[in-house]
Amino acid sequence: MSQPLVITIDGPAGAGKSTLGALLAERLGYLYFDTGVMYRALTLVALRVGLDLAQAEPVEALAQQVEIEVVPPTQADGRQYTVLTDGQDVTWDIRSPEVERGVSLVARYPGVRRELIRQQQQIGQRGHVVMVGRDAGTVVMPDAPLKIYLEASLDERARRRTQEHSGGAAQPLDLVRSAIARRDDLDAHVLRPAADAVLLQNDGLSPEAEVAWIMDYITRHG
Ligand code: DC
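The rules behind each value
Residues numbered from 1 in each chain as written. Predicted model: local features only at pLDDT ≥ 70, side-chain atom pairs only at ≥ 80, totals over all residues. Heavy atoms only, no water. Helix = DSSP H or I, 4+ residues; strand = E, 2+ residues; numbered from the N terminus. Buried < 20%, exposed > 50% of the residue type's maximum accessible area, 1.4 Å probe, protein only. Phe/Tyr/Trp six-rings, centres within 6.5 Å; stacked < 30°, edge-to-face > 60°. Pairing = 2+ DSSP bridges. Near = heavy atom within 4 Å. Polar contact = N/O pair within 3.5 Å; in protein donor to acceptor, adjacent residues only side chain to side chain. Areas by Shrake-Rupley, 256 points an atom, 1.4 Å probe, with all protein chains shown as cover. Salt bridge = Lys/Arg side-chain N within 4 Å of Asp/Glu carboxyl O. Expected span 1.5 Å × (residues − 1).

Right, let's talk about the environment of Q163 for a bit. Relative to the elements of secondary structure, Q163 occurs in helix α7 (residues 154-164). When its relative accessible area of 54% is taken as the criterion, Q163 is described as exposed. Sequence separation between Q163 and S153 is 10 residues; the distance between their C-alpha atoms is 16 Å.

Encoded structure:
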């Protein structure tokens, strides 16, 4: 396989898609694009303008109006990119507990998906991109030459999440595990590997080892 212009990485929450995607994009000199950011940005704006997230139509209408941009980092505060909604920096706000709670619902609305997928496709079509999400390989970029579906056991994903948050108040492992299981259920409507996806089970594998595995896969299928 010559260097694929579009690589998609899908898989459940906590499987390590962002870490792998960012590292792989850096290695290849590609744009790293996390599609989940767009669902989060829309959820944040919907909450800020006081929409009831349980009502599909106003949220779907808002999806047509808000300008969501993901650009290279504008500040050196540990961010991988800057997220703007109508020109306003919301990079950290989209990680709030309120957004976390509402985003799965927003991401279910067909009108929301249609609009955000259209925008994601425009970014993907420019090429030189590692696109991360749930349906990047199945729906957004079905012709991508390399599609990766990342898997990790529930226990491993919960362990990673607790380590990520170890700077703050540590959450009990079983609570984190059930939160991830709940997220899996909510995301189940889009979560499936593309028929031609490469499955990568990464329990006990470091991100560097995963990147090495993928680079080797690209060479071997040349
Ligand atoms: O990957 P994440 O946690 O930032 O995703 C946030 C939510 O958006 C999650 O509920 C799944 C959903 N999502 C989606 O439905 N399709 C995508 N391509 C990316 C995310």
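A separate point is the packing of aromatic side chains. Applying the stated criterion across every chain yields a total of two aromatic pairs. Ring centres of W213 and Y217 lie 5.7 Å apart, and the angle between their planes is 20 degrees; on these two criteria the pair is classed as stacked. Remark: Y217 and W213 occur in helix α9 (residues 207-220); sequence separation between them is four residues, near one turn of the helix. Looking at W213, the relative accessible area reads 32%, which means it is partly exposed.

We now examine the sheet that holds strand β5 (residues 88-89). Spatially, β3-β4-β5 is the arrangement adopted by the three strands of the open sheet, whose pairing is antiparallel. If you trace the sheet from one side to the other, it starts and ends with β3 (68-71) and β5, each paired once.

Our next topic: the site of the ligand. As a matter of local geometry, the ligand sits amid 14 residues, with R40, R113, R134, D135 and D187 nearest to it. Interatomic distance of 2.8 Å between a side-chain N/O atom of R134 and an oxygen atom of the ligand. The side chain of D135 places a nitrogen or oxygen atom 2.8 Å from a nitrogen atom of the ligand. In isolation the ligand offers 450 Å² of accessible surface; the protein chains occlude 94% of this area. Among the elements that take part in the shell around the ligand, helix α2 (residues 36-48) stands out by supplying three residues, more than any other.

Moving on, we get to the pattern of salt bridges. Evaluation of the coordinates by the stated rule reveals 14 salt bridges. Across the salt bridge formed by E100 and R183, the nearest N and O atoms sit 2.7 Å from each other. With E100 in helix α4 (residues 97-106) and R183 in helix α8 (residues 173-187), this residue pair connects regions lying 83 residues apart in the sequence. Its relative accessible area of 31% is what places E100 among the partly exposed residues.

What follows deals with α2. For α2, with 13 residues, the first-to-last C-alpha span of 19 Å sits near the 18 Å given by 1.5 Å per residue. Within α2, 10 of the 13 residues are buried, which leaves the element mostly enclosed by the surrounding structure. Inspection of α2 places V37, M38, Y39, R40, A41, L42, T43, L44, V45 and A46 among the buried residues, and these make up the whole buried set. Count one or two residues on from α2 and you reach G50, which has phi positive near 80 degrees.

Don't take any of this as a statement about function, it's just geometry.
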